[in-house]
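Remarks on the overall topology
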Amino acid sequence: MSRDPDWEADLLRYNMRRPFLREQSIWAVWVYRWGRRIEARPAGLQKKLFNALYWIAFRLVETAFGISLPRTAQIGPGLRIWHFGNIFLHGEVVIGSGCTLRQGVTIGNRREGGAVPVIGDDVEFGAYAQVLGAVHVGDGARIGALSVVLDDVPAGATAVGAPARIVARQVPELKIDFNKD
Ligand SMILES: CC(=O)SCCNC(=O)CCNC(=O)[C@H](O)C(C)(C)COP(=O)(O)OP(=O)(O)OC[C@H]1O[C@@H](n2cnc3c(N)ncnc32)[C@H](O)[C@@H]1OP(=O)(O)O
Ligand SMILES: N[C@@H](CO)C(=O)O
């Protein structure tokens, strides 16, 4: 199997022995990366077979752990998901590297067919944070637990509340550069 640097960066974020026995979320991250790798394969019978297996795995993980990471979403390397349950990403969202999700996080549209968020690098989402619509969340931003983000969040800012307001700004300091060789 060829190397998947994105997955290797995810594993670094979990930073523990036997993460598959300890963290339900890593199954969802693995299935997501596997799905992306399948999508990149050349067309053919093998790809069709893998696609069928992928869809079974995706539905199993979604149903068992309540984590839905469609492979059409673009998620940068070094994803960390703390806990599980009710974590839903729209299939068109773009998420940068080194981001952290928690239980209950939704990143999606405001209405059926509407635009979806673009999230920068190293963004932290508190439990049950909801980010909806054509929103840009800048690098190093933090979204408070139970917040509802409907407007852009500048890089390094902390957004809290429903609807979210900015309570702090700082120059973003990226902890790990997952894009580096
Ligand atoms: C099992 C588990 O433990 S799972 C882990 C669950 N934990 C999380 O999800 C943590 C998410 N973290 C948060 O929500 C944090 O409060 C943060 C990151 C948003 C902010 O933390 P800090 O930078 O320490 O900010 P601080 O506590 O000083 O609060 C700043 C202001 O925002 C308010 N605030 C902070 N968090 C929230 C929130 N989630 N919703 C609404 N207001 C909030 C504070 O009341 C304060 O308001 P004030 O200035 O009017 O007094
Ligand atoms: N360390 C965990 C708490 O369970 C988190 O940040 O969500």
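The structure we're discussing is the one just above.
Residues numbered from 1 in each chain as written. Chains lettered and ligands numbered in written order. Predicted model: local features only at pLDDT ≥ 70, side-chain atom pairs only at ≥ 80, totals over all residues. Heavy atoms only, no water.

Let's shift gears to the pattern of salt bridges. Side chains that differ in charge, positive against negative, can pair when their charged atoms come close. Summed over all chains, the structure comprises eight salt bridges. With its nearest N and O atoms 2.9 Å apart, the salt bridge here joins E8 to R3. Here R3 falls in the exposed class, since its relative accessible area comes to 61%. In this structure, a network of salt bridges that share partners links the residues D6, D10 and R33. (Salt bridge = Lys/Arg side-chain N within 4 Å of Asp/Glu carboxyl O. Buried < 20%, exposed > 50% of the residue type's maximum accessible area, 1.4 Å probe, protein only.)

Okay, the site of ligand 2 next. Near ligand 2 the following residues occur: W82, H83 and R102. A distance of 2.8 Å separates an oxygen atom of ligand 2 from a polar atom in the side chain of H83. The contact in question runs from an oxygen atom of ligand 2 to an N or O atom on the side chain of R102, over 2.7 Å. When the free accessible area of ligand 2 is taken as 240 Å², the share hidden by the protein chains comes to 55%. (Near = heavy atom within 4 Å. Polar contact = N/O pair within 3.5 Å; in protein donor to acceptor, adjacent residues only side chain to side chain. Areas by Shrake-Rupley, 256 points an atom, 1.4 Å probe, with all protein chains shown as cover.)

So, about the sheet that holds strand β13 (residues 148-149). Pairing is parallel in the open sheet, where five strands are placed in the order β1-β4-β7-β10-β13. The sheet is open, and its two edges are formed by β1 (67-68) and β13, each paired on a single side. Bridge analysis of strand β7 (residues 106-108) against strand β10 (residues 130-132) gives three bridges, and the strand direction is parallel. From the neighbouring strand, G108 faces β10, where its bridge partner is L132. (Pairing = 2+ DSSP bridges. Helix = DSSP H or I, 4+ residues; strand = E, 2+ residues; numbered from the N terminus.)

Here we come to helix α3 (residues 25-39). Taking 1.5 Å per residue as the helical rise, α3 with its 15 residues ought to reach 21 Å, and the 21 Å between its terminal C-alpha atoms agrees with that figure. Burial analysis of α3 places 11 of its 15 residues in the buried class, the great majority of the element. Among the residues making up α3, those that are buried are S25, I26, A28, V29, V31, Y32, R33, W34, G35, R37 and I38. Contact partners of the buried residues in α3: α1 (5-14), α2 (19-22), α4 (45-65), β1, β2 (74-75) and β3 (80-82). (Expected span 1.5 Å × (residues − 1). Contact = heavy atoms within 4.5 Å.)

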